[in-house]
Structure formats: structure tokens, C-alpha cells
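Per-entry structural report
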Amino acid sequence: MKYRLADNALVEPLDDGAKAIDLVTSEYDSMNETAPRMWLLLEQGRSEEEIVELVTSESTTSVEVVEVDLASLITELKHKNLIART
């Protein structure tokens, strides 16, 4: 499944991760070190399967952990209206 980022969504890098910002509400959430990479891949229109494959190949994190982390990130971003299915 693929997603598109909402026009009101922005990610700002930090030393130890990033923060996702809703430009309409000015609310933000901190992200761990892996989430910004996942966000970038979502922004590029990559599918969930592609993101899991890429993130797993770039790190020592297991497929299962990446799948859970990605599902959690997508759920949170959808709940906050920062992404939608394409």
C-alpha cells in the first residue's frame, strides 16, 4: 500500500531523530532515529513492503521490528491526518 503526505505535514531533523509537525495546528511529535527514514520513503511514494526492505537492508534491525515500527508510524500519521492512502 502507498501513501501520500498531507500538505500540512513537515518533518524537521534533530540530532537523535526528527519531529513531525502539523503546520495547521502547530502540533508536533518526536520520532526515533528510524522514523525519519521511513517518512522520507513514504514521501517518495514507496510501498510499505519497499520501505521494510530498504530500512532492513540499511540497518541491523529485524524485518519484524521494522514492520511493527512502520505500522505504528503509519497509524499515528493517519490518526493525525498527516498522510493518506493514494
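To be clear, the structure that these remarks concern was listed above.
Every value quoted in this text rests on a predicted model; they were computed, and no experiment measured them.

For helix α3 (residues 63-79), with 17 residues, the first-to-last C-alpha span of 24 Å sits near the 24 Å given by 1.5 Å per residue. All of the buried residues along α3 are Val 66, Leu 70, Leu 73, Ile 74 and Leu 77. When α3 is viewed along its axis, its buried side chains cluster within an angular range of 100 degrees and face the same direction. Counted as exposed and oriented over 90 degrees from the buried face of α3: Glu 64, Val 68, Thr 75 and His 79. Tucked into the core, α3 has its buried residues touching β1 (3-5), β4 (28-31), α1 (35-43), α2 (48-58) and β5 (83-85).

Before going further, it helps to examine the environment of Ser 57. If you trace the backbone, Ser 57 turns up in helix α2. Residue class for Ser 57 comes out exposed when judged on its relative accessible area of 58%. Within polar-contact distance, the side chain of Ser 57 engages the backbone oxygen of Leu 54 at 2.8 Å.

Moving on to unusual backbone geometry. Despite not being glycine, Ser 26 has its phi angle at roughly 65 degrees, a positive value. With respect to the helices, strands and loops of the structure, Ser 26 is situated in the loop between β3 (17-22) and β4. For Ser 26, a relative accessible area of 55% translates into the label exposed. Residues other than glycine seldom take positive phi values, yet Asn 81 does so here, at roughly 60 degrees.

To continue, consider the environment of Val 63. The topology assignment puts Val 63 in helix α3. Val 63 gets classed as partly exposed once you look at its relative accessible area, which sits at 36%. Taking the C-alpha atoms as reference points, Val 63 and Glu 53, 10 residues apart in sequence, are found 7.7 Å from one another. The residues touching Val 63, leaving out its near neighbours within four places in the chain, are Val 52 and Thr 56.

Reading the values: the criteria
- Residues numbered from 1 in each chain as written.
- Predicted model: local features only at pLDDT ≥ 70, side-chain atom pairs only at ≥ 80, totals over all residues.
- Heavy atoms only, no water.
- Helix = DSSP H or I, 4+ residues; strand = E, 2+ residues; numbered from the N terminus.
- Expected span 1.5 Å × (residues − 1).
- Buried < 20%, exposed > 50% of the residue type's maximum accessible area, 1.4 Å probe, protein only.
- Arc of directions from axis to C-beta.
- Contact = heavy atoms within 4.5 Å.
- Polar contact = N/O pair within 3.5 Å; in protein donor to acceptor, adjacent residues only side chain to side chain.

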